[in-house]
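Structural overview
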Amino acid sequence: MALPSLDRALLGHLWFLTLAVLSVVLFRYRIINIDCAIYSFELVTSGEFMVPHNRWGTVLPQLLPWGLLHAGASLKTILIGYSLSFTLIHYLCWLFVRYVAKSPWIARAFVLYQAVAWNATFFWPVSEAFQAVIYGLVLMGWIYGARDRALPYYLLPIALLVLLPLFTHPLAFVFMVMLGAFITWDWIFRERKRLIQVGLAL
């Protein structure tokens, strides 16, 4: 028996709540580790964002710890905020896909991708490639879920969401090409089905 739509959305909220709790409890293992340790050190010592190789998408998860730093928070609070910021950004992306773009099946794919990649990314949250794919899924959710919007309001977020993954990691270009190929093929297939149906009707 299929779950009601509300229950499916509730599972998404519970997923991110679980990740948020784990992000706080296990912040040391997430942040004082590999790349995150470098980002944290540079942020705390310089008070500025760290943007390696012009990957400007890395600024987003640094906003919360940067704000906490300039508010005079303790080092522990800043590191907890940095650990939590990745989960909050992903949760906001999921909320956008589920409730603004209104694309529930992409929202489910969003959570599924996170669950599959959890083992490799939870303790390496700063992975720009992982973040770029997340933003790409947001783009896909908007393309499929917001087709009824007026054209300018539909195209502007697409332009912004195309740039965000590309400015997060160069390898996002490969994912974006694959995403574009999938959407193009899907559109052609749908149009071909319509043409066949029209032809049969005639």
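Description of the structure in this document. Keep in mind that what you see is a predicted model, and the values were worked out from it rather than measured. (Residues numbered from 1 in each chain as written. Predicted model: local features only at pLDDT ≥ 70, side-chain atom pairs only at ≥ 80, totals over all residues. Heavy atoms only, no water.)

**Focus on the overall build of the chain**
Definition in use: In this description a helix means any DSSP run of H or I spanning at least four residues, a strand means any run of E spanning at least two, and both kinds are numbered starting from the N terminus. We call a residue buried when its accessible area falls under 20% of the maximum for its residue type, exposed when it is over 50%, and partly exposed in between, using a 1.4 Å probe and counting protein chains only. In this analysis, two residues are considered to be in contact whenever any of their non-hydrogen atoms come within 4.5 Å of each other. For accessible areas, the Shrake-Rupley method is used with a probe of radius 1.4 Å. Any residue's cover is judged against the shown protein chains and nothing else.
Counting its secondary structure elements, the chain contains 9 helices and 0 strands. The N-to-C order of helical and strand elements in the chain reads α-α-α-α-α-α-α-α-α. With 202 residues in all, the chain has 40% of them scored as buried. In the chain, 65% of the contacts between residues at least 6 apart in sequence involve partners at least 24 apart. For the chain, the computed accessible surface area is about 11,700 Å², with 74% contributed by carbon and sulfur atoms.

**Some points on the packing of aromatic side chains**
Which entries qualify depends on this criterion: Pairing of aromatic side chains here covers Phe, Tyr and the six-membered ring of Trp, requires ring centres within 6.5 Å, and sorts the geometry by plane angle: under 30 degrees stacked, over 60 edge-to-face, intermediate tilted. Consider the ring centre and the ring normal. A charge sits over the ring if Lys NZ or Arg CZ is within 6 Å of that centre and within 35 degrees of that normal.
In total, this model carries 11 aromatic pairs according to the counting rule given. Residues Tyr113 and Phe130 carry aromatic rings whose centres are separated by 5.4 Å and whose planes lie at 25° to one another, so their mutual orientation is stacked. Of this pair, Tyr113 sits in helix α6 (residues 104–121) while Phe130 sits in helix α7 (residues 128–145), placing them 17 residues apart in sequence. The class of Tyr113 is partly exposed, set by a relative accessible area of 26%. Here the aromatic rings of Phe122 and Phe123 are separated by 4.9 Å at their centres, their planes lie at 90°, and the arrangement is edge-to-face. Judged by its relative accessible area of 4%, Phe122 is buried. Residue classification places Phe123 among the partly exposed residues on the basis of a relative accessible area of 32%. Put simply, the rings of Phe16, Tyr91, Trp94, Tyr99 and Phe110 touch in pairs and so form one group of aromatic residues. A cation over a ring is seen here: Arg98 above Tyr99, with NZ or CZ 5.3 Å from the ring centre.

**Things to note about the nonpolar core**
Note the cut-off: Note on terminology: a nonpolar core comprises buried Ala, Val, Leu, Ile, Met, Phe, Trp, Tyr and Cys residues joined through side-chain atoms within 4.5 Å.
Counting residues in each nonpolar core, the largest one holds 30 residues, and the members touching the most others are Cys93, Phe110, Leu139, Trp142 and Ile143. Only α1 (5–25), α5 (75–100), α6, α7, α8 (151–166) and α9 (172–201) provide two or more residues apiece to this core. In terms of residue count, α7 provides more of this core than any other element does, 10 residues in total. What Cys93 contacts, discounting residues up to four positions off in sequence, is Phe110, Ile134, Tyr135 and Val138. Core analysis: the next-biggest nonpolar cluster, separate from the first, contains 9 residues, Ile31, Leu79, Ile80 and Val126 among them.

**A few points about empty space enclosed by the protein**
Cut-off, in case you're wondering: Computed over the protein atoms alone on a 1 Å grid, cavities are sets of points where a 1.4 Å probe fits but cannot get out and pockets are open sets with protein on both sides within 12 Å along at least five of seven lines; a residue lines them when it has an atom within 4 Å of a point. Grid points are joined across faces, edges and corners, and a volume is the space filled by probe spheres set on the points. Residue type decides the class: Asp, Glu, Lys and Arg count as charged, Ala, Val, Leu, Ile, Met, Phe, Trp, Tyr, Cys and Pro as nonpolar, and the leftover types, Gly among them, as polar.
On inspection of all chains with the given rule, the structure shows 1 cavity of 30 Å³ or more. As a volume, the largest cavity reaches approximately 130 Å³. Lining the largest cavity, in full, are Leu19, Arg30, Phe86, Thr87, His90, Gln114, Trp118, Thr121, Phe122, Pro125 and Phe130. Counting residues per element, the ones that place at least two in the lining of the largest cavity are α5 and α6. Residues that form the lining of the largest cavity fall into these classes: 6 nonpolar, 4 polar and 1 charged.

**Observations concerning α5**
Turn by turn, an α-helix covers 3.6 residues, leaving residues three or four places apart pointing in a common direction. This is how the line gets drawn: Take the number of residues in a helix, subtract one, and multiply by 1.5 Å to get its expected span. Two axes define the bend at a residue: one fitted to the seven residues ending there, one fitted to the seven starting there, and the bend is the angle between them.
Across its 26 residues, α5 extends 36 Å between first and last C-alpha, which sits within 8% of the 38 Å expected from 1.5 Å per residue. Taking the largest bend as the criterion, α5 deviates by roughly 30°, centred on Leu84. Lys102, located one to two residues past α5, shows a positive phi value of around 55°.

**Some points on the layout of surface pockets**
Computed from the structure, the largest pocket encloses a volume of approximately 150 Å³. As for the largest pocket, its lining consists of Leu60, Leu63, Leu64, Ser85, Leu88, Ile89 and Leu92. Mapped by element, the contributors of at least two residues to the lining of the largest pocket are α4 (63–70) and α5. By residue number, the principal contributor to the lining of the largest pocket is α5, which donates 4 residues. When grouped by side-chain class, the residues that make up the lining of the largest pocket number 6 nonpolar, 1 polar and no charged.

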